[in-house]
Amino acid sequence: MSETAVVILAAGAGTRMRSKKAKVLHRVGGRTMLEHTIRAACDLAPGHVVVVVGHQREEVIPVVEQIGEQLGQNLVIAVQDEQLGTGHAAACGLSGLPDGFDGDVLLTAADVPLLNSDVLRELHNAHLATSGTAVTILTFRPENPFGYGRITRDASGDVDAIVEQKDLQTGQHEINEVNSGVYAFDAAHLRSATANLNTDNAQGELYLTDVVAIARSEARHVHAVEINTLIAAAKTAGAWADANVTGDMCVAGVNDRAQLSAVSRAYNDAIVASHMRAGVTIEDPATTWIEAGVTIGPDTLIYPNVQLRGTTAIGEACEIGPDTTLTNVTVGTAAVVIRTHGTDAELGAGSTIGPFAYLRPGTKLGVKGKIGTFVETKNSTIGERSKVPHLSYIGDTTIGTGVNLGAGAITANYDDIAKHRTEIGDEVHTGSHNVFVAPVRIGEGAKTGAGAVIRKDVPAGALALSVAPQRNVEGWVETNRPGTAAADAAARVRSAQKADDGAQEEDG
Ligand code: UD1
Ligand code: CA
């Protein structure tokens with residue numbers, strides 16, 4: 001069998017997005033639409049993957065290269081210098097294939113982000129089912145067909161043509177069978193037909209969709225297959241990824257921000273549902289956003305308003321949320337993370353975090369450790385069973401095991417020139433409101449007094465005190481702030497005390 005190629009169109013201007021950013025670089029579920037499409041193509045392991053770029057290609061090309069590197073795939077970039085229409089873009093895509101390539105071409109657009117490889121494979125199978133077919137069009141029947149090219153059929157029900165929204169004639173507006181913009185082509189037909197397109201249409205563009213009418217005029221067979229048929233076939237074949245989006249949204253195009261939001265919602269719904277089926281309790285799917293690269297162990301409970309992004313990996317039996325955003329965070333078994341914002345952090349099994357914790361990159365919390373309320377951590381390791389419970393900033397710090405930092409611990413890690421480290425040994429307990437002026441080391445088992453500013457190393461087992469003994473200047477307020485409410489309050493108590501003392505003297 002000859003080779004298969006996938007051609008991805010990504011050269012258009014994306015005017016309807018009203019964005020400075022290239023349309024295909026807008027994200028759905030944390031990945032660019034371009035990456036979604038390239039992944040679907042590469043999952044098929046085709047002989048060739050060609051990405052057609054044009055508009056804003058200085059931004060798009062590096063992203064294509066980076067995705068290719070990440071997926072370990074050779075992606076061919078074909079440049080469409082001027083955006084003359086999808087037909088012209090397809091012809092540019094063909095120029096990225098070896099001369100005389102005569103296999104099948106699966107073509108899709110990078111603005112159809114939820115298309116998956118299972119559907120693409122079944123589209124190819126449907127195309128192969130009737131030999132000599134020039135084009136197989138992937139169609140669907142959306143509730144509102146506005147904006148999509150309509151499939152017109154002849155009296156015997158065969159596909160005649162695809163008519164674009166702006167070219168619709170009276171009576172054609174009601175047709176609800178539409179073109180998804182995803183096709184399987186016989187390469188030779190695509191090559192010859194795209195060479196014969198014209199701009200005789202409402203938009204003055206070279207329409208890829210006209211390839212269909214050209215095939216019919218040459219008495220070639222054109223086939224249309226609906227998305228639901230392909231999904232059913234993939235399921236029967238046992239090749240349907242659990243988190244795939246089903247139905248129309250699987251082939252919905254994104255031309256504006258409302259459509260971007262609709263496909264993002266559909267994509268998230270599918271991912272969230274797949275986690276629930278795998279044993280995760282999600283209290284409010286509507287406010288839980290989980291990206292594709294995230295893993296979650298069974299019996300974990302997710303409360304409302306949680307976003308799990310990037311490579312976040314949550315263990316079994318954890319409790320996450322409410323109101324928590326974790327990006328590339330690893331969470332051990334049975335950890336509890338409440339109202340927390342965390343990035344690039346590792347949290348040990350049985351640890352507790354929040355409410356109101358801010359975990360910055362490089363935070364590592366040991367087994368059964370605690371990062372509590374209004375605590376910010378960065379580039380710090382906090383050992384097993386160690387606790388930073390309240391109102392603290394811990395940066396560039398290594399904390400041993402069994403440590404307890406008093407409320408209000410601050411590591412002063414920056415002297416305006418460089419960052420320095422604080423080291424706190426095993427079993428250290430510190431007083432409230434301490435400042436550790438780095439570089440500084442607190443030895444094993446040491447203790448510090450409340451309010452201490454620790455500028456020098458503390459030996460193991462020592463008690464460090466830096467606050468001067470308290471001195472009370474009696475009567476200072478009445479002398480220096482006479483007539484104030486404070487002076488009156490003090491005077492009342494002091495005269496009552498004097499009377500008391502006098503009475504006691506009489507008794508005695
Ligand atoms: C296109 C189809 C329409 C279909 C719809 C499905 C055509 C003429 N129309 O319409 O029948 O229902 O998709 O979503 O094909 N592109 C280029 N170079 C160009 C023009 C476009 O690469 O010169 C790319 C765009 O980046 C985009 C894709 O082709 O990824 C489709 O172009 P777009 O303008 O979005 O076409 P639609 O109006 O959505
Ligand atoms: Ca489109």
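Keep in mind the model is a prediction, meaning the values are calculated, not measured. (Residues numbered from 1 in each chain as written. Chains lettered and ligands numbered in written order. Predicted model: local features only at pLDDT ≥ 70, side-chain atom pairs only at ≥ 80, totals over all residues. Heavy atoms only, no water.)

On to the coordination of the calcium ion (ligand 2). Within the protein, the atoms that donate to the calcium ion (ligand 2) are Asp111 (OD) and Asn255 (OD1), at distances of 2.2 to 2.4 Å. Residue Asp111 is found in the loop between β6 (104-109) and α4 (117-129), and its partner Asn255 is found in the loop between α7 (227-236) and α8 (257-277); the two are separated by 144 residues along the sequence. Residue classification places Asp111 among the buried residues on the basis of a relative accessible area of 15%. (Donors = N, O, S within 2.8 Å, 3.2 Å for Na, K, Ca; no water. Helix = DSSP H or I, 4+ residues; strand = E, 2+ residues; numbered from the N terminus. Buried < 20%, exposed > 50% of the residue type's maximum accessible area, 1.4 Å probe, protein only.)

The next subject is the site of ligand 1. Among the 24 residues in the neighbourhood of ligand 1, the closest are listed as Gly12, Gln80, Thr86, Glu164 and Asn179. Here an oxygen atom of ligand 1 sits 2.9 Å away from a polar atom, N or O, in the main chain of Ala11. Here an oxygen atom of ligand 1 and a backbone polar atom of Asn179 are 2.6 Å apart. Within the complex, 89% of the 750 Å² of free accessible area of ligand 1 lies under protein. No other element matches strand β10 (residues 178-186), which puts three residues into the shell around ligand 1. For the shell around ligand 1, the class distribution of residues is nine nonpolar, 11 polar and four charged. (Near = heavy atom within 4 Å. Polar contact = N/O pair within 3.5 Å; in protein donor to acceptor, adjacent residues only side chain to side chain. Areas by Shrake-Rupley, 256 points an atom, 1.4 Å probe, with all protein chains shown as cover. Nonpolar A, V, L, I, M, F, W, Y, C, P; charged D, E, K, R; others polar.)

Within the open sheet, the nine strands sit side by side as β14-β17-β20-β23-β26-β28-β30-β32-β34. Their pairing is parallel. Bordering the open sheet on either side are β14 (295-296) and β34 (440-442), each of which pairs with just one other strand. (Pairing = 2+ DSSP bridges.)

This part covers helix α5 (residues 187-194). Along an α-helix, residues three or four positions apart point the same way, because every turn accommodates 3.6 residues. Regarding α5, the residues found buried are Ala187, His189, Leu190, Ala193 and Thr194. Buried residues of α5, viewed axially, fall in a sector of 165°; they line one side. Lining the buried residues of α5 we find α3 (86-95), β6, β7 (133-140), β10 and α6 (210-217). (Arc of directions from axis to C-beta. Contact = heavy atoms within 4.5 Å.)

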